[in-house]
Amino acid sequence: MSSPKTMYEKIWDSHLVHEAEGQTPLIYVDRHLMHEVTSPQAFEGLKLAERKLRNPHAILATLDHCVPTANRSLPVADPIANTQIVTMMDNCKEHGLTLYDMDSEHNGIIHVVVPEHGFVHPGMVTVCGDSHTATHGAFGALAFGIGTSDVEHVLATSTLPRQKSKTLLVEVDGELNKHSTAKDIALAVIGKIGTAGGNGHVIEFAGSAITSLTMEGRMTLCNMAIEAGAPAGLIAPDEKTYAFLEGKEYAPKGDDWDKAMSYWKSLPSDDGAKYDTIVKLKAEDIEPQVTWGTSPEQVIGVNTPIPGPSDFDSEGKSKACESALEYMGLEPGTKLSDLKIDFVFLGSCTNSRLEDFRSAAAIAKGTKVPEHVRAIAVPGSVLIKKQAEEEGLDKIFTEAGWEWREPGCSMCLAMNGDELKAGQRCASTSNRNFEGRQGKGGRTHLVSPAMAAAAAGAGTFVDIRQL
Amino acid sequence: MEPYKNHTSVVALMNRANVDTDQIVPKQFLKRVSRQGFGETMFFDWRYLEDESDNPEFELNRPEFKGAGILLVGDNFGCGSSREHAPWAIEDYGFNTIISTSYADIFYANCFKNGILPITVTQEQWDVLRAEVERFPGVQFSVDLEQQMLETPGGTEFKFDLDQVRKRNLLEGLDDIAVSLQAESHITDFEERQKKELPWLWHSA
Ligand code: SF4
């Protein structure tokens, strides 16, 4: 009998195309996702080398990073953004690729629209020129981000030279507190293992708290695997996965569906499979999380005071603490509830799905955003925007003083004009709190959608368990 | 990609360590949609004055270094962000050879994807080479990739280490894609097998 395998090993083995002496193993890529920022030079490289695009059917593209969230008509005001958008449209047209452009009712953030249409299935290898490709691990697909020359490589060959990763099992057992979410699990894991904790590993998330998550929650969690240093996160497919996919545009149909199901059921890690590293967390211990620094690992429970350099035992970490405190304009010992915020951003491929808007709206209902605070809600896709409006969520937000926007990446990376001014403090549902990520000098605190909504209503961070 | 040819070329000296990719191609140029033409943006902040005329203080602007094809540069070259614009810029500017005591990993790998030979030397070797360029600015070194030899008019001559697969790829002008396409029959076989075993992957997209 063959030895027990992890899900990662099964996917790896089934995608190994060729292993030549002295060369990096070549693995097959089933699906290739694209957006306007990291693809133009790849298409150009293809043309310069007179190469053909191997599998146009394997590609799905959208416009998201630099699309405006206010006025979506072309040309967009920023000429550079406009060039990227037009170049993407031309490239897709030339190669006959499916593109969800700004007029499409399927437009939205790549990692939001792809699952909406069932384009990625369990067991697939999926890539995108974007580090948050890890999102699709929620479906049990091996999904990771790549650079521009690798994008070109996949266009030309449908393969990538790749070294096999190690495996890290993150097991979260027990029941989450009522107000803790997948985002809080993600931040708590990163807080525990650090942003380098997953380096060189693919993370598999397992345990009862993970299987209890909705598909949306699983996407939020896998999305942030990259913030723990891992190129990919994985969650075993189960009945929720199948129910989510069934009937979607790109999901298998009829006979194919039955065949696919029996294959998908063979994917979860075998009993007794060996991992290189195992980390365990108890779901009960996970409080609503708030980052205080400039790295996602600089995170605390909402009631914990802001740490100081002496709270860290390594010199590197206490130095990092010192410079983060300075950038963030914080003193050690301060309570999060004493911080005044200026901005709230509800959006990004981490937290811009319908479930996120529902949970934020439940908190925002009947509140009023204070005068000095600006709060924007940016749905992940046109479809989500429509569904939210059908449920009247947009009204809840606008009546509470929020701006209800058009979909896109928006202030997650502040490339489209939505950005913080220097010194502004923001409660954000996105995934990166790096210096300047949301605008030069901007100060980002990562939180869950409900925590963001509570912060918007109060003008400071609040423990939603006490509302 | 052009095959790497043995050559004799002017050596430009940058006696700086830890030159990062942010300096090689500053952030403001990353939004371009073409991979060509980055040579003019290389070292932009050091190379040009406020009015965008050449900064005479910057070493690569020295008249003796014009037309250089070899860059002699300090330790840990290409550190910082993994941007591929850095090797694009270096190649577009006209360098096809770099000599340093060490490189950042990703940058090093990216050089081979763009036909650039990054030679790694010891600190003693580097010091000797630097001294020769300082004494004779505009001096030309010779590189023989096949033999892995570097030779200078001052009489310095040594063999450098190189991964043999990478060396062959440079000599044959094979980028990573060309290397993978050598396994094309394996890719086609894989696809045929997948079409049979997992047919829905080919029906549902
Ligand atoms: S929302 Fe943010 S993280 Fe997600 S794809 Fe857009 S820019 Fe990247």
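Residues numbered from 1 in each chain as written. Chains lettered and ligands numbered in written order. Predicted model: local features only at pLDDT ≥ 70, side-chain atom pairs only at ≥ 80, totals over all residues. Heavy atoms only, no water.

Draft legend 1. Spotlight on the overall build of chain A. Summing up its helical and strand segments, chain A has 15 helices and 19 strands in all. The C-alpha radius of gyration of chain A comes to 22 Å, within 12% of the 23 Å expected for a compact globule of 467 residues. Along the first, second and third principal axes, the C-alpha set of chain A runs to 60 × 55 × 45 Å. Element-wise, carbon and sulfur atoms account for 49% of the exposed surface of chain A, whose accessible area totals about 17000 Å². (Helix = DSSP H or I, 4+ residues; strand = E, 2+ residues; numbered from the N terminus. Rg over C-alpha atoms; globule rule 2.2 N^0.38 Å. Areas by Shrake-Rupley, 256 points an atom, 1.4 Å probe, with all protein chains shown as cover.)

Draft legend 2. Examining the sheet that holds strand β8 (residues 159–161) of chain A more closely. All names here are of chain A. The three strands lie next to each other as β1-β2-β8, forming an open sheet whose pairing is antiparallel. Because the sheet does not close on itself, it has two edges, and the strands there are β1 (16–18) and β8. The mean inter-strand angle of the sheet, taken between neighbouring strand axes irrespective of direction, is 40°. Note: strand β2 (residues 26–28) against β8, three bridges, orientation antiparallel. The residue bridging tyrosine 28 from the neighbouring strand is threonine 159, located in β8. Packing of helix α1 (residues 7–15) onto the sheet brings it into contact with β1 and β2, and relative to β1 it is tilted by some 35°. (Pairing = 2+ DSSP bridges. Axes fitted to C-alpha atoms, helices over the stretch in contact; angles between N-to-C directions. Contact = heavy atoms within 4.5 Å.)

Draft legend 3. Geometry of the interface of chain A and chain B. Each partner contributes residues to the interface: chain A has 48 residues there, and chain B has 36 residues. Both faces combined, the contact of chain A with chain B buries some 3500 Å², and carbon together with sulfur accounts for 57% of it. Three residues stand out in chain A for area buried against chain B, namely Gln41(A), Arg51(A) and Arg54(A), and they jointly supply 17% of the buried area on that side. Where chain A packs against chain B, one counts five salt bridges. We note a salt bridge from Arg54(A) to Glu191(B), for which the minimum N-O separation is 3.0 Å. On the surface where chain A and chain B come into contact, there are 20 residue pairs in polar contact (both at pLDDT 80 or more). The dominant element in the side of chain A that touches chain B, judged by the number of residues it contributes, is helix α5 (residues 148–157) of chain A, at seven residues. Here the side of chain A that touches chain B is built from residues that sort into 18 nonpolar, 20 polar and 10 charged. (Buried area = accessible area lost by both parts, 1.4 Å probe. Salt bridge = Lys/Arg side-chain N within 4 Å of Asp/Glu carboxyl O. Polar contact = N/O pair within 3.5 Å; in protein donor to acceptor, adjacent residues only side chain to side chain. Nonpolar A, V, L, I, M, F, W, Y, C, P; charged D, E, K, R; others polar.)

Draft legend 4. The pairing of strand β6 (residues 125–128) of chain A, seen in detail. All names here are of chain A. Residues of β6 alternate between two faces, with Val125 and Val127 on one and Thr126 and Cys128 on the opposite face, all of them buried. Bridge count for strand β3 (residues 31–34) against β6 is three bridges, and the pairing is parallel. The residue bridging leucine 33 from the neighbouring strand is cysteine 128, located in β6. Pairing of β6 with strand β7 (residues 142–145), which is carried by four bridges, proceeds in the parallel orientation. Note that in β7 the partner of valine 125 across the bridge is leucine 142. (Buried < 20%, exposed > 50% of the residue type's maximum accessible area, 1.4 Å probe, protein only.)

Draft legend 5. Inspection of the packing of helix α6 (residues 182–193) of chain A against helix α8 (residues 215–223) of chain A at higher detail. All names here are of chain A. The contact between α6 and α8 brings their axes to 8 Å, and the two run at 25°. Classified by the interaxial angle, the pair formed by α6 and α8 is roughly parallel. In this structure, the crossing between α6 and α8 has a hand that is right-handed. In this structure, α6 contributes Ala182, Lys183, Ile185 and Ala186 to the contact, and α8 contributes Gly217, Thr220 and Leu221. (Parallel < 35°, antiparallel > 145°, perpendicular 65-115°, else oblique. Left-handed = near helix turned anticlockwise from the far one by under 90°.)

Draft legend 6. Highlighting the pattern of salt bridges. Residues and elements named next belong to chain A. For the structure on display, the rule yields 31 salt bridges over all chains. One salt bridge in this structure joins lysine 280 and glutamate 171, with 3.5 Å as the shortest N-O distance. Placement of the pair is lysine 280 in strand β12 (residues 277–282) and glutamate 171 in strand β9 (residues 166–173), with a sequence separation of 109 residues.

Draft legend 7. Representation of the nonpolar core within the structure. The biggest cluster of nonpolar side chains holds 105 residues, and the ones touching the most others in it are Phe144(A), Leu155(A), Val170(A), Val172(A), Ile185(A), Phe205(A) and Trp264(A). Of all the elements, α6(A) adds the most residues to this core, at eight residues. (Core = buried A, V, L, I, M, F, W, Y, C linked by side-chain atoms within 4.5 Å.)

Draft legend 8. The packing of helix α2 (residues 40–48) of chain A against α5(A), seen in detail. Residue and element names in this part refer to chain A. Where α2 meets α5, the closest approach of the two axes is 8 Å, and the angle between their N-to-C directions is 50°. When the axes of α2 and α5 are compared, the pair comes out oblique. Both α2 and α5 take part in a crossing whose hand is right-handed. Along its contact with α2, which presents Gln41, Ala42, Phe43, Gly45 and Leu46, the element α5 presents Thr148, Val151, Glu152, Leu155 and Ala156. For the contact of α2 with α5, the per-class residue count stands at six nonpolar, three polar and one charged.

Draft legend 9. Inspection of the confidence of the model for chain B at higher detail. Across chain B, the average pLDDT comes to 94, with 99% of residues at 70 or higher. This complex was scored by the predictor with a pTM of 0.92 and an ipTM of 0.94. (pLDDT = per-residue confidence, 0-100.)

Draft legend 10. The arrangement of the sheet that holds strand β4 (residues 117–120) of chain B in detail. All names here are of chain B. Spatially, the seven strands line up as an open sheet ordered β4-β3-β2-β1-β5-β6-β7, and their pairing is mixed. The open sheet is flanked by β4 and β7 (157–159), the only strands paired with a single partner. Each adjacent strand pair in this sheet contributes to an overall mean axis angle of 25°, direction not counted.

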